[in-house]
Amino acid sequence: MPKDHDGIGASTKRREDVRFLSGAGRYTDDINLRGQAYAYFLRSSVAHGNLTSIDTAEAEAMPGVVRIFTAKDFEGVGGLPCGWQVTDRFGQPMKEPGHPVLATGKVRHVGDPIAVVVAESLAEAKDAAEAIMVDIDELPAVIDMKAAVAGGAPLVHDDVENNLCYDWGFVEENREAVDAAIRGAHHVTTLELVNNRLVANPMEPRVAVGDYDRTTGEHTLYTTSQNPHVIRLLMGAFVLGIPEHKLRVVAPDVGGGFGTKIFHYAEEAFCTFAAKAVNRPVKWTCDRSEAFITDCHGRDHVTKIELALDAEGKFLALRTDTLANMGAYLSTFAPSVPTWLHGTLMAGNYTTPLVYVNVKAVFTNTVPVDAYRGAGRPEATFQLERVIDKAARELGIDPIELRRRNFIKPEQFPYQTPVAVVYDTGNYHATMDKLVEIADVAGFPARRAASEAKGKLRGLGIAHYIEACGIAPSQLVGQLGARAGLYESATVRVNATGSISVYTGSHSHGQGHETTFPQVVAEMLGIDATQVDIVHGDTSKIPMGMGTYGSRSIAVGGTAMVKATEKIIAKAKKIAAHLMEAAETDVELAGGQFSVKGTDKSIAWGDVCLAAYVPHNYPLESIEPGLEETAFYDPSNFTYPSGGYACEVEVDPDTGKVEILAFSAADDFGNVINPMIVSGQVHGGIAQGIGQALLEQAVYDENGQLLTGSYMDYAMPRADDVPMYAVDHSCVTPCTHNPLGVKGCGEAGAIGSPPAVVNAVVDALAARGVTHIDMPLTPARVWAAMNAAG
Amino acid sequence: MTPDPEAAGTVRVQMAVNGRPVNAEIPACTNLADFLRGELGLTGTHLGCEHGVCGACTLMVDGAAVRGCLMLAVQADGAEVTTVEGLDDPLGRALREAFVARNALQCGFCTPGMLATLREAIGAGLVPERAAVRAALSGNFCRCTGYEAIVDAALDVIGGRDAR
């Protein structure tokens with residue numbers, strides 16, 4: 001009999017923990033193939049320059065060197081493709097300069113790969129790389145985005161005028177109406193802000209191992225990826241020209257991703273290519289310093305936002321003007337982040353009728369910038385929730401009350417926003433009420449007084465977010481420029497004695513799919529979850545799937561699995577009906593037993609499965625033997641998780657140090673499969689959001705050198721930097737367009753928390769005249785703001 | 001990932017790893033984490049930064065938690081080394097159970113280092129208070145959990161479940 005606590009809604013403990021806690025995980029760097037050679041990338045130490053010569057002669061004679069590769073070995077090989085084409089406000093396609101596997105003609109950022117040594121050992125590869133003679137005529141670097149597009153700046157790509165990738169307007173038809181509404185408004189609140197550049201920093205650095213089987217012509221790439229099929233498609237079709245049946249991509253245990261392992265990287269293509277070229281496996285392991293200058297960075301927007309309000313505080317119009325950094329090349333999904341993943345969220349939870357978002361995407365001599373946890377949605381939420389807070393202060397309205405006045409009301413769903421998307425469900429008043437309760441907002445004045453009594457400045461910051469998850473309806477995103485479908489797949493293979501293997505296109509790199517996905521199947525069939533296993537991450541095993549990002553696993557991948565399981569149930573009922581000599585329509589499945597309505601006839605799940613594979617007594621004339629079904633699910637809409645976040649801080653007026661005393665999150669994720677795992681996702685997201693708000697920033701100097709290129713310089717949250725989290729996901733408005741009613745929870749914490757933290761600090765310092773401080777709110781910045789304003 | 005033996009010069013090391021005697025001739029410049037991973041196949045020790053800041057490679061040498069990336073294998077000559085694969089004593093088992101119960105890991109990459117760090121701290125009398133546990137863990141990055149669940153797991157083991 002099934003155990004009730006294993007199904008949907010149970011905080012089932014994670015089965016993957018067993019191997020991770022005993023050292024038995026299998027991460028990509030744990031893979032060593034017989035005869036493997038080691039790749040070491042010689043990278044540009046300057047941000048911008050013409051490559052005039054590369055002399056490898058001396059290096060080639062060094063001990064252990066197998067072969068040295070430069071761009072000339074990649075003539076005829078495609079560059080790294082971009083997966084999303086944005087159309088600018090004049091109807092023209094974005095500028096899309098090439099992105100070669102190895103730098104060709106020019107280097108464009110520190111870390112741009114120039115040559116690769118493949119050697120018997122990593123030490124020998126490194127030694128030989130030092131002997132490669134590279135001549136670079138250094139060019140002035142362009143780092144600052146405003147300078148890059150101002151005219152007359154050095155060009156990152158000679159054929160991209162003013163370093164401008166695109167000038168995007170949304171909704172372009174609203175441009176003049178928004179301008180007019182802002183001109184005529186009772187009040188306009190204006191804020192200029194920076195969304196600081198971040199480095200995702202999953203704890204596992206990237207790794208690629210290429211292998212080639214001469215006897216079959218089959219390539220295998222083991223890689224630290226969130227989406228092995230995406231890598232297979234991009235690398236096979238666009239870079240190396242390998243047909244998919246000869247290319248297997250495996251992403252085994254992956255030590256965190258946070259977006260930065262979505263993209264197709266040069267090192268993956270290199271190792272795959274080189275394994276054939278040198279006829280032995282080739283392994284590359286990124287070290288942390290290399291990760292800082294090669295992993296795609298995140299965020300990096302500079303924005304001016306204006307919010308027009310009437311005398312009652314109703315939002316009338318919103319206008320934003322953003323510069324978004326693309327870095328030196330267009331990474332896989334980079335163009336979509338500041339546009340379709342950002343502009344479509346600028347209505348937030350509010351009824352603002354008119355919105356206009358302008359985004360200029362800019363090339364600079366920095367590492368490419370692409371999706372990082374939340375991707376575009378944190379940038380949208382940060383602007384919106386900061387400007388609302390500022391407006392509340394300017395108008396003397398309580399910030400919670402101002403939000404409530406403008407919330408979309410529960411009875412207004414489905415709600416057509418002025419920025420294209422339609423929210424299916426939500427109840428923002430409910431999440432705000434829950435937040436006010438769990439954050440004890442009523443008790444704040446007393447707590448503030450207590451802080452003041454001991455000389456500290458206390459602040460309370462509120463934010464309310466919406467995000468679009470469950471990415472994405474393929475036809476819609478196709479119209480918006482996506483060059484990929486964004487469905488998900490699952491095969492449910494029922495074995496002869498009733499156990500089940502689910503082959504999912506989703507990829508788990510910490511999310512716990514191996515635990516949660518079986519909970520869903522077990523619930524549907526009424527069997528024990530331990531009878532269900534998940535297989536993922538290997539293109540030779542799973543159906544073509546799009547992987548995990550954008551909080552899409554349960555909403556899209558989970559739904560594909562549900563659809564496949566529904567097909568299994570439908571077929572199993574036919575078999576059961578035959579075995580029980582009943583009408584199919586009378587057969588019911590509950591608790592792992594098929595029964596005939598109104599009778600005491602029943603047959604166990606396992607017996608039906610066995611009959612499917614041993615079809616002695618079986619309706620072979622009408623159904624095939626076997627019990628295995630595949631479903632591909634393409635969502636009809638995004639999902640829209642939302643929630644209220646509150647942060648309470650104390651600021652030391654002498655040092656500017658911010659201490660977070662309490663953090664609360666009231667999220668509506670729709671239905672929740674495993675509350676324990678959902679809480680863990682929210683915790684981790686909040687920690688990353690606090691990191692962005694208080695600690696983290698990738699800093700380049702004017703020459704394009706990354707000053708924060710190690711863990712000694714790039715500050716990430718440690719255990720004593722973060723508070724306890726009060727998280728609640730009891731406010732549930734189920735998603736209306738997927739069968740589980742789920743919305744996704746992976747990014748919420750990172751989206752809702754930065755504005756909550758900054759609002760709290762500004763609240764603490766408001767009496768001293770501070771209206772804004774750019775992230776990260778380091779003691780130096782806070783102290784300077786306090787003293788400048790005072 | 002063996003360094004070039006001729007350039008480095010080799011040395012013989014003997015140590016007990018997870019209770020098993022090990023005797024190997026290795027380049028002198030091999031660090032302990034690379035030795036365990038590369039020579040012994042004990043891939044449970046993970047390298048996150050290779051400059052001693054992230055704590056992922058933390059393991060036990062003669063009962064002390066050390067950074068496997070900062071210690072040469074030859075420095076562990078004659079020592080008793082315990083990696084995550086060998087954490088089978090009562091405290092190691094208790095920590096594992098508490099990590100599962102509290103959902104104190106997600107991707108699992110930092111986890112071996114967390115276990116080693118806590119094992120040393122608890123052995124040294126870590127007091128069951130949140131601030132103390134956070135301080136003890138502050139040399140180990142976790143990018144997934146936001147730390148609270150790890151703190152809870154440690155408190156479960158040292159009996160401070162209700163500590164704030």
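All of these numbers come straight from a predicted model, not from anything done at the bench.

Asker: Even after reading the chapter, I still don't get the overall build of chain B, so can you show me in this structure?
Answerer: A count of helical and extended segments in chain B gives six helices and five strands. Listed by position from the N terminus, the elements making up chain B come as α-β-β-α-β-β-β-α-α-α-α. The C-alpha atoms of chain B give 16 Å as radius of gyration, which agrees with the globular expectation for 164 residues (15 Å, within 12%). Dimensions along the principal axes, computed over C-alpha positions, put chain B at roughly 55 × 30 × 20 Å. In chain B, which comprises 164 residues, the proportion classed as buried is 59%. For chain B, long-range pairs separated by at least 24 residues make up 56% of all intrachain contacts whose partners lie at least 6 apart in sequence.

Asker: How should I be thinking about the packing of helix 4 (residues 111-123) of chain B against helix 6 (residues 148-158) of chain B in this particular structure?
Answerer: Helix packing geometry: the angle between the two helix axes and the distance between the axes. All names here are of chain B. In the contact formed by helix 4 and helix 6, the axes pass within 11 Å of each other and the chain directions differ by 35°. The hand of the helix 4/helix 6 crossing is right-handed. From helix 4, Met114, Leu118 and Ile122 reach across to helix 6, where they touch Ile150, Ala154, Val157 and Ile158. Considered class by class, the residues forming the contact of helix 4 with helix 6 number seven nonpolar, no polar and no charged.

Asker: How should I be thinking about the sheet that holds strand 6 (residues 133-138) of chain A in this particular structure?
Answerer: Sheet strands line up and pair through hydrogen bonds in the backbone, either parallel or antiparallel. All names here are of chain A. Overall, antiparallel pairing links the three strands, which are arranged 4-2-6 in an open sheet. Looking along the sheet, the strands with just one partner apiece sit at the ends: strand 4 (106-107) and strand 6. In this structure, strand 2 (residues 49-55) lies alongside strand 4, joined through two bridges in antiparallel fashion. Across the sheet, residue Gly49 finds its bridge partner in strand 4, namely Val107.

Asker: Explain a nonpolar patch on the surface to me, please; I cannot follow it from the model alone.
Answerer: A surface patch of nonpolar side chains, amounting to about 230 Å² of accessible area, comprises Leu610, Tyr613 and Val614 of chain A. The topology assignment puts Leu610 of chain A in helix 16 (residues 605-613).

Asker: Whenever I open this one, a negative patch on the surface confuses me. Can you help?
Answerer: All names here are of chain A. Together, Asp55, Glu58, Glu60, Asp135 and Asp137 make up a negatively charged patch on the protein surface. Of all the elements in the fold, those that place two or more residues in the negative patch are helix 2 (57-60) and strand 6. On the basis of relative accessible area, Asp137 is assigned to the partly exposed category, the value being 46%.

Asker: How should I be thinking about helix 3 (residues 90-102) of chain B in this particular structure?
Answerer: For an α-helix, the turn length of 3.6 residues means that residues three or four places apart are oriented alike. End to end, helix 3 of chain B covers 18 Å across 13 residues, agreeing with the expected 18 Å (1.5 Å per residue, within 8%). Of the residues making up helix 3 of chain B, those classed as buried are Leu91, Gly92, Leu95, Arg96, Ala98 and Phe99 of chain B. Buried positions in helix 3 of chain B, seen along its axis, are confined to an arc of 165° and lie on one side of it. When the buried face of helix 3 of chain B is taken as reference, the exposed residues oriented beyond 90 degrees from it are Pro90 and Glu97 of chain B. Check the buried side of helix 3 of chain B and you find it contacts helix 1 (17-20) of chain A together with helix 4 and helix 6 of chain B. Looking at the residues trailing helix 3 of chain B, positive phi occurs at Asn103 of chain B, about 55°.

Asker: How should I be thinking about the pattern of salt bridges in this particular structure?
Answerer: Should the charged atoms of two oppositely charged side chains come close, the side chains can pair. All names here are of chain A. Tallying each qualifying case throughout the model produces 47 salt bridges over all chains. Arg19 is the salt-bridge partner of Asp253, the closest N and O atoms lying 2.7 Å from each other. With Asp253 in the loop between strand 12 (247-250) and helix 7 (266-277) and Arg19 in helix 1, this pair connects stretches of sequence that are 234 residues apart. Asp253 gets classed as buried once you look at its relative accessible area, which sits at 11%.

Asker: In this structure, what is going on with the sheet that holds strand 1 (residues 37-43) of chain A? I would like to understand it.
Answerer: Residues and elements named next belong to chain A. Reading across the sheet, the seven strands line up as 3-5-1-13-10-11-12 and stay open at both edges, with mixed pairing between neighbours. In the strand order of this sheet, the two ends are held by strand 3 (65-70) and strand 12, each with one partner. Averaged over all pairs of adjacent strands, the angle between their axes in this sheet comes to 20°, without regard to strand direction. As paired strands, strand 11 (residues 218-223) and strand 12 are joined by four bridges and run parallel to one another. In the sheet register, Tyr222 faces strand 12, and the bridge partner there is Val250. Helix 3 (residues 122-130) contacts strand 1, strand 3 and strand 5 (113-119) of the sheet and is inclined by roughly 30° relative to strand 1.

Asker: Looking at this structure, I do not really get the interface of chain B and chain A. What am I missing?
Answerer: How big an interface is tends to be stated in terms of the accessible area lost upon association of its parts. Each side of the interface is counted separately: chain B has 43 residues, and chain A has 53 residues. Between chain B and chain A lies a buried interface of about 4,300 Å² when both sides are counted; carbon and sulfur atoms form 59% of it. Here chain B is connected to chain A by three salt bridges. One salt bridge in this structure joins Glu696 of chain A and Arg143 of chain B, with 2.7 Å as the shortest N-O distance. Summed over the shared surface of chain B and chain A, the number is 24 residue pairs in polar contact (both at pLDDT 80 or more). Looking at the side of chain B that touches chain A, the elements with two or more residues in it are helix 3, helix 4 and helix 5 (130-137) of chain B. Its residues assigned to classes, the side of chain B that touches chain A comprises 18 nonpolar, 15 polar and ten charged.

Asker: Looking at this structure, how should I read the domain arrangement of chain A?
Answerer: Residue and element names in this part refer to chain A. Partitioning chain A into structural domains gives domain 1 (17-24 + 487-633), domain 2 (31-139 + 203-256 + 261-294), domain 3 (144-195 + 297-409) and domain 4 (424-469 + 638-790). Look at where the C-alpha atoms of domain 1 and domain 2 centre, and you get two points 39 Å apart. A buried area of about 1,400 Å², summed over both sides, lies between domain 1 and domain 2, and 56% of it is on carbon and sulfur atoms. For the domain 1 face of the interface with domain 2, the top three residues by lost area are His509, Thr539 and Met544, together amounting to 40%. For the interface between domain 1 and domain 2, the tally reads two salt bridges. There are eight residue pairs in polar contact (both at pLDDT 80 or more) connecting domain 1 and domain 2. Looking at the side of domain 1 that touches domain 2 residue by residue, the class counts come to six nonpolar, eight polar and two charged.

Asker: I'm lost on empty space enclosed by the protein in this one. Help?
Answerer: Picture a little ball the size of a water molecule; that probe, rolled over the atoms, points out where space is still empty. All names here are of chain A. Under the defined criterion, the tally for this structure stands at ten cavities of 30 Å³ or more. Volume-wise, the largest cavity comes out at about 790 Å³. Lining the largest cavity are 50 residues, with Thr548, Gly550, Ser551, Arg552 and Gly746 positioned closest to its centre. Of the residues that constitute the lining of the largest cavity, the class distribution is 24 nonpolar, 21 polar and five charged. In this structure, the second largest cavity encloses a volume near 210 Å³. Leu80, His99, Tyr265, Ala266 and Thr294 are, among the 21 residues lining the second largest cavity, the residues nearest its centre.

Asker: Looking at this structure, how should I read the packing of aromatic side chains?
Answerer: In this description, an aromatic ring pair is defined by two values, namely the gap between the centres and the angle between the planes. All told, the structure shown has 25 aromatic pairs over all chains when counted by the stated rule. With 5.4 Å between their ring centres and 70° between their planes, Phe315 of chain A and Tyr350 of chain A make a pair best called edge-to-face. Residue Phe315 of chain A is located in strand 16 (residues 315-327), and its partner Tyr350 of chain A is located in the loop between strand 16 and strand 17 (354-363); the two are separated by 35 residues in the primary sequence. Relative to Tyr640 of chain A, the ring of Tyr423 of chain A lies with its centre 5.0 Å away and its plane at 55°, an arrangement referred to as tilted. With Tyr423 of chain A in strand 19 (residues 422-423) and Tyr640 of chain A in the loop between strand 27 (628-633) and strand 28 (642-651), this residue pair connects regions lying 217 residues apart in the sequence. Connected via pairs of aromatic rings, a cluster forms that spans Phe41, Phe69, Phe74, Phe270, Phe273 and Trp284 of chain A. Against the face of Phe141 of chain B rests Arg718 of chain A, its NZ or CZ located 4.0 Å from the ring centre.

Asker: Can you help me understand the layout of surface pockets in this one?
Answerer: Residue and element names in this part refer to chain A. A volume near 630 Å³ is recorded for the largest pocket. Of all the secondary-structure elements, those providing two or more residues to the lining of the largest pocket are strand 29 (658-668), helix 17 (675-695) and strand 30 (725-728). Ranked by the residues each element gives to the lining of the largest pocket, the list is headed by strand 29, at seven residues. Among the residues forming the lining of the largest pocket, the class breakdown is 17 nonpolar, two polar and nine charged.

Asker: What am I meant to see in the confidence of the model for chain B here?
Answerer: Parts of the prediction with low pLDDT should not have their coordinates interpreted in detail. Across chain B, the average pLDDT comes to 93, with 92% of residues at 70 or higher. Two numbers describe this predicted complex: its pTM, 0.97, and its ipTM, 0.97.

Asker: Mind showing me how you'd approach the nonpolar core here?
Answerer: Burial of nonpolar side chains together is a common tendency in soluble globular proteins. Grouped together as the largest cluster of nonpolar side chains are 187 residues, with contacts concentrated most on Tyr423 and Val651 of chain A together with Phe99 of chain B. Counting residues per element, this core draws most heavily on helix 18 (residues 748-765) of chain A, at ten residues. Dropping the residues within four chain positions of it, Phe99 of chain B is found in contact with Asp17 and Leu21 of chain A together with Ala104, Leu105, Thr111, Met114, Leu115, Leu118, Ile150 and Ala153 of chain B. Of all hydrophobic cores here, the second largest spans 44 residues; its members include Ile534, Val562, Ala577 and Leu740 of chain A.

Calculation rules
- Residues numbered from 1 in each chain as written.
- Chains lettered and ligands numbered in written order.
- Predicted model: local features only at pLDDT ≥ 70, side-chain atom pairs only at ≥ 80, totals over all residues.
- Heavy atoms only, no water.
- Helix = DSSP H or I, 4+ residues; strand = E, 2+ residues; numbered from the N terminus.
- Rg over C-alpha atoms; globule rule 2.2 N^0.38 Å.
- Buried < 20%, exposed > 50% of the residue type's maximum accessible area, 1.4 Å probe, protein only.
- Contact = heavy atoms within 4.5 Å.
- Axes fitted to C-alpha atoms, helices over the stretch in contact; angles between N-to-C directions.
- Left-handed = near helix turned anticlockwise from the far one by under 90°.
- Nonpolar A, V, L, I, M, F, W, Y, C, P; charged D, E, K, R; others polar.
- Pairing = 2+ DSSP bridges.
- Patch = residues over 30% accessible without salt bridge, like charges linked within 9 Å, V, L, I, M, F, W, Y side chains within 5 Å.
- Areas by Shrake-Rupley, 256 points an atom, 1.4 Å probe, with all protein chains shown as cover.
- Salt bridge = Lys/Arg side-chain N within 4 Å of Asp/Glu carboxyl O.
- Lys, Arg positive; Asp, Glu negative; His and termini not counted.
- Charge placed at Lys NZ, Arg CZ, Asp CG, Glu CD.
- Expected span 1.5 Å × (residues − 1).
- Arc of directions from axis to C-beta.
- Buried area = accessible area lost by both parts, 1.4 Å probe.
- Polar contact = N/O pair within 3.5 Å; in protein donor to acceptor, adjacent residues only side chain to side chain.
- Domains from an automatic or database assignment.
- 1 Å grid on protein atoms, 1.4 Å probe; cavity = no way out; pocket = protein on both sides within 12 Å on 5 of 7 lines; lining within 4 Å.
- Points joined across faces, edges and corners; volume = space filled by probe spheres on them.
- Phe/Tyr/Trp six-rings, centres within 6.5 Å; stacked < 30°, edge-to-face > 60°.
- Lys NZ or Arg CZ within 6 Å of the ring centre and 35° of its normal.
- pLDDT = per-residue confidence, 0-100.
- Core = buried A, V, L, I, M, F, W, Y, C linked by side-chain atoms within 4.5 Å.

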